[in-house]
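Structure at a glance
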Amino acid sequence: MLFFGSKDRKAKKQAKAAEKQSAALREEALENTRKARAAIGEDTLERIRQHLEGKENSPLEQAKRQIDAMNPDHVTDNLRHMIDEDKHK
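The present account deals with the structure reproduced in this document.

Reading guide: rules and limits
Residues numbered from 1 in each chain as written. Predicted model: local features only at pLDDT ≥ 70, side-chain atom pairs only at ≥ 80, totals over all residues. Heavy atoms only, no water. Helix = DSSP H or I, 4+ residues; strand = E, 2+ residues; numbered from the N terminus. Buried < 20%, exposed > 50% of the residue type's maximum accessible area, 1.4 Å probe, protein only. Lys, Arg positive; Asp, Glu negative; His and termini not counted. Charge placed at Lys NZ, Arg CZ, Asp CG, Glu CD. Salt bridge = Lys/Arg side-chain N within 4 Å of Asp/Glu carboxyl O. Expected span 1.5 Å × (residues − 1). Polar contact = N/O pair within 3.5 Å; in protein donor to acceptor, adjacent residues only side chain to side chain.

1. Details of the overall build of the protein
Within the protein one finds 4 helices and 0 strands. Reading the protein from its N end, one meets helices and strands in the order α-α-α-α. In terms of its C-alpha atoms, the protein occupies a principal-axis envelope of roughly 85 × 45 × 15 Å. Among the 89 residues that make up the protein, the fraction classed as buried is 3%. Across the protein, the 19 positively charged side chains and the 17 negatively charged ones have centroids separated by 13 Å.

If you want it as structure tokens, here you go:
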């Protein structure tokens, strides 16, 4: 005999199991992060953070973000124009 709603119970059990597994993975990741911070040291992490922030704000990175924000056809036209100018010089 089939029981109505047995699929719902199975789905709920699977969802709870997945949630427990997800929580365990998150806890493991946090523990690994704590261990890495302790091994590396806060001063080293701060130097890395400052370096990355400086790199993100460099003129080259700013230009890359501006180009990415532009219309691709407009960028292509400008590049072709620059190449043509170089050929005529």
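After presenting the structure, the write-up continues.
2. A closer look at the pattern of salt bridges
As enumerated under the stated definition, the model contains 5 salt bridges in all. Taking the shortest distance from any N to any O, the salt bridge between E46 and R49 comes out at 2.4 Å. Of this pair, E46 and R49 both sit in helix 2 (residues 42-56), 3 residues apart, which is roughly one turn of that helix. E46 gets classed as partly exposed once you look at its relative accessible area, which sits at 32%. Exposure remark for R49: the relative accessible area of 36% places this residue in the partly exposed category. Connected through salt bridges with shared partners, the residues E27, E31 and R34 form a single ionic network.

3. Side note on helix 4 (residues 72-88)
Relative to the 24 Å expected for 17 residues at 1.5 Å per residue, helix 4 spans 25 Å between its end C-alpha atoms, a close match to the ideal helical length. A side-chain oxygen of the first residue of helix 4 lies 3.2 Å from the backbone nitrogen of D73; this N-cap is N71.

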